[in-house]
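One-letter residues, chain by chain:
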Amino acid sequence: MPMASPHTYRLIFRHFSRYMVALGLVGACVLLCMGIPQLLAPRPYLAFWPMVVVAAEFGGIGPGLLAAVASILCVHFILNPVLGGALNLFDWVGITSAGIFFAGTSVVIIFIGRKWNLQSLQRLQVAAMESATNGIALTDVQGVLLWVNPAFCTMTGYTSMEIVGKNYRLLDSEKQNEAFYNNIWSTVLKREVWHGDLVVRRKNGTTYMEERSVAPVTNADGRLINCVIIMQDITERKRTEVVLREQADLLNLTHESILVRTMDNIITFWNKGAVIQYGWEAEEVVGKITTHDLLQTQFPLPIDEINNFLLINNFWEGELTQTKRDGSLITVLSRWALQRDKSNVPVAIMEINSDITDRKRAEEEKLILEQQFQQAQKLESLGVLSGGIAHDFNNILAIIMGHCSLIEMDYEKARDHVPEIEKAATRAAELCRQMLAYAGKAQFVQAQVNIGELVNEMVNMLRSTIKQNIEIQSTIDTDIPAIQADASQIRQVAMNLIINAAEAIGDAQGVVQVSLAKTKIKTGHSIKDYLGKLIPPGWYACLEVTDNGSGMSDETYNRIFEPFYTTKFTGRGLGMSAILGIVTTQGGNLQLFSQVGKGTTFKVYLPLLNSDSAFHEAPSLIKQAEQWRGSGTILLVEDEEPIMQVAKAMLMELGFEVIEARNGKEALHIYQQNAYDIILVMTDMGMPVMDGYNLFLELKRLNAVLPIVISSGFGDADITSRISRDDIAGLISKPYNFNLLQNVIRDAVGHAVPKHT
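Quantities reported herein were computed from a predicted structural model and do not represent experimental measurements.

1. Regarding the environment of Leu-23
- Within the fold, Leu-23 resides in helix H1 (residues 6–35).
- Spatially, the C-alpha atom of Leu-23 lies 9.6 Å from that of Ala-68, the residues being 45 residues apart in sequence.
- Residues in contact with Leu-23, not counting those within four places in the same chain, are Leu-66 and Ala-70.

As structure tokens, this is what we get:
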């Protein structure tokens, strides 16, 4: 069995002692009555009345009742036998008196017990007021101090004995006139609480600022009987507010918005800059409204996080969106400074808000202009390329038409000519993909790239494009291993370097030398690139483009890769920032050497995947694929009749039945009529009436698991920017051959969700 705590024993002893005192008082009365018999006559119970009252007053209801019962028992069983035991007239009067005594005593005991409990509650209330940090005093209606707590004494410098009994005007600093105190008294007489600030004089003669409340105390009849004064020393807070206001006044001439607010966000200062910036006069906001409600502030973080940061660091800075008086929104750079008193308690916050709306708008416009500039560079590149691409297309068409003519002359040799036609068509498709990549319509794909072949193609294309006064000399190694890169971006680097080299030469006779070689940078012999970074040791494909043109000045050399810097008259403005970005993205490095009047050299280092083996070309699409045949019905949607017929023939060759539709609306109607039979839809994107994008959404709304293959001449990026790639069963870019179509359809059918009967 666990032992009781010392606190438990103290409680038992305290209550037990109250009852023992009550019994002791009764016992003392018995001894007194036995010693002085005259006390028993004529009403023996009345002798015990004082003892019962004392017991109730000291211990409460319980000890009082115990004393009353013990008194009756003592009279009848102890004192009466001592007097002879005979009941005479006085005894019967005594018995009657006993009943009256017991009833009256009970009432008195209950009343005294309640009074005792009330006194206990009052003692607790007094203890609470004495432990309060605010000064508390009780006065009569004349203003005489009846009681003060320790905090009151600490604030005023008087002890309780020195101040109690004196009028509260003893603390008057003479900073307030008689009308001020009359206002306090008139407010209290109206049974209202007065609240305000005043200057109080301490015992030592010094003064301090005090925030005071005076509350009336009335009795049951509503008559004013006392006043309660509650006061708080606010000297430090007022001094801080004055300092902040003085600091803000120094900045009142600026256009910055400066305001001071309490920890409860009540505005205490509002400078002229805030008036101009937000539209509210100081008289309209100071002390009347919270900052965040007035300005409808939108925070970048939860306000609790910002306040916690401010409390820890005493400073916070961030961008806020706020509302002016006219309802317009502005963006401000807001800087908060936390002010503390001598006790390190936060008392106020100063805000300096700078309107950066125009600056933010300018930054957004600059970003848009930069994007437009980059797009213009691509379009300029396309313009330069157009002549070379047209030349290549004419060559490709000549190959196709020539082989077609040969087939017509001898059909038995068609097997020899068809592969050449397909190669030419594949090259034409690659040219289209390159153009789409430059225009931002195709996705950049990281893959193993034969850089020698790409650079050689670009050199041959540009030879027919640049001016005839410029000779392009090329030295391309054929044993360079593959690099991991996007082919279109590598083409753009080579094209921009060669075009800029040609433009640097201008109208004079000149030479552009293009070389590509496998280069090793040895450990311990690292060299720096244009940005001053060391090029890591290893094997690289080094593309070098040199011209004997005008060269660069120091200013041009230092600014050549800035996004908006251009020197068209010397030829170094086209896409230089794009080149550096591409090279860096591909994990490469770039070097630049130039001398005025002698020319410029660019060196691009791109890391090789494997320095010991040359690039192995991927299997050609022309190669015969595995024979595969499907079954079922495919809905083919295409508005170009020749393409429709070719695609239909290929699908039928694969074993499918084909239903034709010329636009999205017709296709949607056909699918609704034949939904159970159609296992797959193959659709173009650019069509009249309803395009492929809307058709795709409508079909997925009807059947979310329906496989849809998209066949388009647009780039993949243009399609996947509008339709999630995960929702597309297959993507096949025009032009395509039988083997590519077979692979795409096979994959789409293989991932299709089977129908349930």
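2. Some remarks on the sheet that holds strand S1 (residues 135–140)
- The sheet built from five strands is open, its strands ordered S2-S1-S5-S4-S3 with antiparallel pairing. Looking at the sheet topology across the chains shown, the edges are occupied by strand S2 (145–148) and strand S3 (194–201). Between one strand axis and the next, the sheet turns through 30 degrees on average, direction left out of account.
- Sitting on the sheet, helix H7 (residues 178–189) touches S3, strand S4 (207–218) and strand S5 (224–233), and the angle it makes with S3 is about 145 degrees.

3. Thoughts on the sheet that holds strand S10 (residues 346–355)
- On the basis of which strands lie adjacent, the open sheet formed by five strands has the order S7-S6-S10-S9-S8 and antiparallel pairing. Two strands lie at the open edges of the sheet, namely strand S7 (267–270) and strand S8 (315–323), each paired on one side alone. Neighbour-to-neighbour, the strand axes of the sheet open up by a mean angle of 25 degrees, direction not taken into account.
- Sheet analysis places S8 next to strand S9 (residues 329–340), joined by nine bridges and oriented antiparallel.

4. Comments concerning the layout of surface pockets
- Approximately 560 Å³ is the volume attributed to the second largest pocket.
- Lining the second largest pocket are 20 residues, and of these Gln-232, Asp-233, Ile-234, Arg-237 and Val-347 sit closest to its centre.
- The dominant element in the lining of the second largest pocket, judged by the number of residues it contributes, is helix H8 (residues 235–250), at five residues.
- For the lining of the second largest pocket, a count of residues per class yields six nonpolar, six polar and eight charged.

5. Digging into the pattern of salt bridges
- For the structure shown, the criterion picks out 18 salt bridges.
- We note a salt bridge from Asp-358 to Arg-361, for which the minimum N-O separation is 2.9 Å. Of this pair, Asp-358 and Arg-361 are both found in helix H13 (residues 357–409), three residues apart, which corresponds to roughly one turn of the helix.
- Classification of Arg-361 by relative accessible area gives partly exposed; the value is 41%.
- Between Glu-660 and Arg-662 there is a salt bridge, and its shortest N-O distance comes to 2.5 Å.
- Here Glu-660 falls in the buried class, since its relative accessible area comes to 19%.
- When its relative accessible area of 28% is taken as the criterion, Arg-662 is described as partly exposed.
- Residues joined in a network through salt bridges with shared partners are Glu-641, Lys-648, Glu-660 and Arg-662.

6. Regarding unusual backbone geometry
- With a phi close to 70 degrees, Asn-265 is a non-glycine residue in the positive phi region.
- Summarising the element assignment, Asn-265 is placed in the loop between strand S6 (257–262) and S7.

The rules we used
- Residues numbered from 1 in each chain as written.
- Predicted model: local features only at pLDDT ≥ 70, side-chain atom pairs only at ≥ 80, totals over all residues.
- Heavy atoms only, no water.
- Helix = DSSP H or I, 4+ residues; strand = E, 2+ residues; numbered from the N terminus.
- Contact = heavy atoms within 4.5 Å.
- Pairing = 2+ DSSP bridges.
- Axes fitted to C-alpha atoms, helices over the stretch in contact; angles between N-to-C directions.
- 1 Å grid on protein atoms, 1.4 Å probe; cavity = no way out; pocket = protein on both sides within 12 Å on 5 of 7 lines; lining within 4 Å.
- Points joined across faces, edges and corners; volume = space filled by probe spheres on them.
- Nonpolar A, V, L, I, M, F, W, Y, C, P; charged D, E, K, R; others polar.
- Salt bridge = Lys/Arg side-chain N within 4 Å of Asp/Glu carboxyl O.
- Buried < 20%, exposed > 50% of the residue type's maximum accessible area, 1.4 Å probe, protein only.

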